[in-house]
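# Survey of secondary and tertiary structure
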Amino acid sequence: MHTIQIDEGWCKGCALCVIYCPTRALQVAARFSPRGVHPPELVRPERCNGCRLCELLCPDFAITVTEEGRVHA
Amino acid sequence: MATGLKIKTAAELRTNYLRREMFPTIFCDGCGLGNVLNYTLWAIDEVGLDLDRTVFVSGIGCSSRLPGYINADGLHATHGRALAFASGIRAANPDLTVIVFTGDGDGAGIGGNHLLHTIRRNMDVTVILVNNFTYGMTGGQSAPTTPDGGFSSTTPYGNIEHPLDICELAKALGAPYVARWPVVSPAQPVKSIAEGIRKRGFALIEMLTPCPTAYGRRNGLKEIEQIWRWYREHTVLLDEWEWVEQFGSPEEREALRGKLKIGVFQDTERETFEDRWAALVAREKL
Amino acid sequence: MSTHRELIRRALGPRVQFVQGDDACAYGAVLAGCTFFAGYPITPATEVAERMAEILPRIGGCYIQMEDEIASMGALVGASWTGAKVMTSTSGPGFSLMQENLGYAIMTETPCVVVNVQRSGPSTGQPTMGAYGDMMQARWGTHGDHEIIMLCPASVQEVLEITIVAFNLAERLRTPVLVFIDGELGHMRERLVIPDDDEFELVERPRATDRASYRPFAPGPDLVPPFAPFGSGFRTFVTGLTHNEEGLPRASSAAVHDQLVRRLAAKITNHLDLITRYEEFYADDCEIAIVAYGITARTCRDVVEEARRRGIKAGLLRLISIWPFPEHIVARWAERVRAMLVPEMNLGQIVHPIREAVAGRCVVKPYARIGGELHTPAELLEALEALQWQPA
């Protein structure tokens, strides 16, 4: 199982991570981040296979995929 | 992944390479410049560059803001002149690695003459030229790369000028490494930037990058998903392009119109200015 | 193995030579420690580049001929940030092209020396003729508020000496320094004595030493920030945008801009004692003064002697540093003299700051000459004599 971490100070809500997620595990959150944008959220964690395409495609270095249980710096 | 990259996390890239106080970036939603930065850092990581010995040079424009985000020496120079500044650095200290970020306006418009002569001298610099078809920072005026008929604030009735193919120019000038990739898929750009850095001599990687704000919205590509899809649908790999040109049906050949060729166009060897200067000094020094 | 200084000596050749002003400029640069030259051919400055192209490889430096003067000035800044002492040379049209990157060097506190062997303008003008038409362009050529240092030597020997001074000031104050001569002086041959190393001072730019406390544009007490060259691990971001003391862009901040641009100006104007250079003849009892600079001042020296023989209490103030303008020196002369004659090889440029410094305390009479010929002693003498009858 994987989780994602979003730096809400850096995320601009462009949703490229959601658009390009090959397993459609992400979706745009209904809530607003403190910056006033809709950040992504991992709504179907069982689908996430940890491919990290979202990390590679994020223009803002705002999304990090981690395996559950692994402590992330 | 195809590049054989060891997967780094965004968090690691942030810690190792970024000036965090500069974030978030100034780039608009849906702009690909952040991706260019991301891919460059992956490539640097793959090559194992020492950031203490690497200088990032740029001119003026959106793409030229990139050095400011990297925790290394950076020279954010004047409009169009990045390659002149970079040449000075390399000529005076060839031990430093120099990576140049420039745009289509900066690098091929106002800076076109420097591009020509830096390639001619074969200065050992890696140039990541971000082509978004427009002058984004000033609000979307026509650029030397604006497609035929493209709308911009200074071509409100459509662009009547022929666009410049920067890679064809670089190829003709004998640049040892020339590649073009759209920013929409990460693997090939990362690999190409790494190859460009490793190349002894001038390397040009043209990154086709969406600008939804200044270009897209005037050309029916306002939505992020839509403009990013455009780049997938309007780029054709070199091999496929050549196959279609040779063997394709008239319909297939017609379908190439308005599309852009992508791939590695040139990968050769050529003596650099720095090597030749060093040889001259070895010969003539008292 | 010879030391670098020994290499320089061998590259420069005999101690006494008969050379042009342009040659002397190149020699001065090399003596000052210049190891990088970027340039573009232009009459009457080309010989500076030619000498540098000959000498630099012989001492292990680098000469690069750029595609234009814009690129020359850009390469100069890039090279200076590697820690090298750098110079370029040009003439009027090329100096016009350098203006934007010259401003960049001012804004980013990049030491460099820019030589302008002036010719007549505007535009292509008289390429082979001397002139001093770029004096005001030197002061205000690049856009925005700034101070600039400009030195005007008057002989081949002085070209060498002043070029060394220019490097020392550029390094000491981390700023571009302009050496302005003209086609006459650049192409004139005179006896040149190459000084020994113990006959002149060599200054290096202040260096940053501690990485932990390094803030690239935080000034020391003399307003000059310590320098860390590219590649030294200090990781400096350099931008022409208004930047804070960390070097990061703060282009929308009125306070940061005000503080930065005022400091850059004060860094120069606080060091007038280091910069100001002039020569005085018959200052004590002078009634009618000539204020001149560059090659024109040499004619004036003879004119003053001849005037004295004719009973006129003439004197000469020869300005060597022009910018920042030595207002206090000219003001001191204005207290004592009845009139100042200001011959210039332009239609009247430095006469303006002179009038400002004089502030009405004496008569100021410009004597303009353009076209490429020097003022004749006879015409200047006549002008001096005419000034005698000016009311006090």
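Residues numbered from 1 in each chain as written. Chains lettered and ligands numbered in written order. Predicted model: local features only at pLDDT ≥ 70, side-chain atom pairs only at ≥ 80, totals over all residues. Heavy atoms only, no water.

## Observations regarding the overall build of chain C
- The number of helices and strands found in chain C is 14 helices and 16 strands.
- In terms of C-alpha radius of gyration, chain C reaches 21 Å, essentially the compact-globule figure of 21 Å for 392 residues.
- In terms of its C-alpha atoms, chain C occupies a principal-axis envelope of roughly 65 × 50 × 40 Å.
- Put simply, chain C has 392 residues, and 62% of those count as buried.
- For chain C, the share of sequence-separated contacts (at least 6 apart) that also reach a separation of at least 24 residues comes to 76%.
- In chain C, 37 positive and 48 negative side-chain charges are present, and the distance between their average locations comes to 3 Å. (Helix = DSSP H or I, 4+ residues; strand = E, 2+ residues; numbered from the N terminus. Rg over C-alpha atoms; globule rule 2.2 N^0.38 Å. Buried < 20%, exposed > 50% of the residue type's maximum accessible area, 1.4 Å probe, protein only. Contact = heavy atoms within 4.5 Å. Lys, Arg positive; Asp, Glu negative; His and termini not counted. Charge placed at Lys NZ, Arg CZ, Asp CG, Glu CD.)

## So, the overall build of chain B
- Secondary structure summary: chain B contains 11 helices and 10 strands in total.
- Relative to the compact-globule value of 19 Å for 286 residues, chain B shows a C-alpha radius of gyration of 19 Å, a close match.
- Projecting the C-alpha coordinates of chain B onto the three principal axes gives extents of approximately 65 × 45 × 40 Å.
- Burial analysis of chain B (286 residues in total) assigns 60% to the buried set.
- Pairs at least 24 residues apart make up 71% of the contacts formed inside chain B by residues separated by at least 6 positions.
- If you sum the accessible surface of chain B, you get close to 11000 Å²; carbon and sulfur atoms cover 50% of it. (Areas by Shrake-Rupley, 256 points an atom, 1.4 Å probe, with all protein chains shown as cover.)

## Some words on the arrangement of the chains
- In this assembly, two pairs of chains are in contact, and the pair contributing the most contacts is chains B and C.
- Nothing in chain A touches chain C; the tightest C-alpha to C-alpha distance between them is still 18 Å.

## Overview of helix α7 (residues 187-198) of chain B
Residues and elements named next belong to chain B.
- For α7, spanning 12 residues, the distance from its first C-alpha to its last is 17 Å, which sits close to the expected 16 Å at 1.5 Å a residue.
- Of all the positions in α7, only Ala187, Pro189, Val190, Ser192, Ile193, Ala194, Gly196 and Ile197 are classed as buried.
- Against the buried residues of α7 lie α2 (33-47), β3 (97-103), β4 (126-131), β7 (177-182), β8 (203-208) and β10 (260-267). (Expected span 1.5 Å × (residues − 1).)

## Regarding the domain arrangement of chain C
Residues and elements named next belong to chain C.
- Segmenting chain C into domains produces domain 1 (4-199) and domain 2 (279-388).
- Taking only C-alpha atoms into account, the centre of domain 1 sits 27 Å from that of domain 2.
- Each side of the interface is counted separately: domain 1 has 29 residues, and domain 2 has 20 residues.
- When the two sides are added together, the surface that domain 1 and domain 2 hide from each other amounts to roughly 1900 Å², 60% of it contributed by carbon and sulfur.
- A salt bridge links Arg298 to Glu190; its shortest N-O distance comes to 2.5 Å. (Domains from an automatic or database assignment. Buried area = accessible area lost by both parts, 1.4 Å probe. Salt bridge = Lys/Arg side-chain N within 4 Å of Asp/Glu carboxyl O.)

## Examining the sheet that holds strand β15 (residues 339-344) of chain C
Residue and element names in this part refer to chain C.
- Spatially, five strands are ordered β11-β13-β12-β15-β16 in an open sheet, and the strand pairing comes out mixed. Whereas interior strands pair on both sides, the edge strands pair on one side only; in this sheet they are β11 (278-281) and β16 (363-368). Within this sheet the neighbouring strands show an average axis-to-axis angle of 20 degrees, counted without direction.
- Summarising the sheet, strand β12 (residues 288-293) and strand β13 (residues 314-319) pair through six bridges and their orientation is parallel. When the sheet's bridge partners are listed, Ala289 is paired in β13 with Gly315. (Pairing = 2+ DSSP bridges. Axes fitted to C-alpha atoms, helices over the stretch in contact; angles between N-to-C directions.)

## Here we look at the packing of helix α1 (residues 4-12) of chain C against helix α2 (residues 21-32) of chain C
Residues and elements named next belong to chain C.
- At their nearest, the axes of α1 and α2 sit 10 Å apart, and the two run at 165 degrees to each other. One way to sum up the angle between α1 and α2 is to call them roughly antiparallel. Between α1 and α2 the crossing geometry is left-handed. Contacts between α1 and α2 pair Arg5, Ile8, Arg9 and Leu12 from the former with Tyr27, Val30 and Leu31 from the latter.
- Looking at side-chain class alone, the contact of α1 with α2 contains five nonpolar, no polar and two charged residues. (Parallel < 35°, antiparallel > 145°, perpendicular 65-115°, else oblique. Left-handed = near helix turned anticlockwise from the far one by under 90°. Nonpolar A, V, L, I, M, F, W, Y, C, P; charged D, E, K, R; others polar.)

## Focus on the nonpolar core
- Residues Val57 of chain B together with Phe36, Met52, Met87, Met340 and Ile354 of chain C are the most contacted members of the largest nonpolar core, which totals 145 residues.
- With 11 residues, helix α7 (residues 156-173) of chain C is the single largest residue contributor to this core.
- The residues that make up this core include at least three from each of domain 1 (4-199) and domain 2 (279-388) of chain C.
- Among the nonpolar cores identified, the runner-up in size contains 74 residues, and Ile4 and Cys11 of chain A together with Val184 and Val190 of chain B belong to it. (Core = buried A, V, L, I, M, F, W, Y, C linked by side-chain atoms within 4.5 Å.)

## Some remarks on the pattern of salt bridges
Residues and elements named next belong to chain C.
- Per the stated rule, a full pass over the model turns up 46 salt bridges over all chains.
- A salt bridge links Arg139 to Glu147; its shortest N-O distance comes to 3.4 Å. Of the two residues, Arg139 and Glu147, neither departs from the other in class, the shared state being buried.

## Quick notes on the environment of Cys21 of chain A
Residue and element names in this part refer to chain A.
- With respect to the helices and strands, the residue Cys21 is situated in the loop between α1 (16-20) and β2 (26-28).
- Its relative accessible area of 13% is what places Cys21 among the buried residues.
- Once the C-alpha coordinates of Cys21 and Cys54 are considered, the two residues, 33 residues apart in sequence, prove to be 6.4 Å apart.

## Re the interface of chain C and chain B
- With 44 residues of chain C in contact, the opposing surface of chain B contributes 41 residues.
- Each partner contributes to the roughly 3500 Å² buried at the junction of chain C and chain B, and carbon and sulfur atoms together form 62% of this total.
- At the junction of chain C and chain B, the tally comes to three salt bridges.
- Of the charged contacts, one joins Asp52 of chain B and Arg235 of chain C as a salt bridge, the two residues approaching to 2.8 Å between their closest N and O atoms.
- Along the contact surface separating chain C from chain B lie 19 residue pairs in polar contact (both at pLDDT 80 or more).
- For the side of chain C that touches chain B, the secondary-structure elements that each account for two or more residues are α1, α3 (46-58), β3 (62-65), α4 (69-80), α5 (92-107) and β10 (237-239) of chain C.
- Counting residues per element, the side of chain C that touches chain B draws most heavily on α4 of chain C, which supplies seven residues.
- Strand direction decides the pairing type here: strand β2 (residues 73-76) of chain B and β10 of chain C, joined by three bridges, are parallel. From the neighbouring strand, His76 of chain B faces β10 of chain C, where its bridge partner is Thr239 of chain C. (Polar contact = N/O pair within 3.5 Å; in protein donor to acceptor, adjacent residues only side chain to side chain.)

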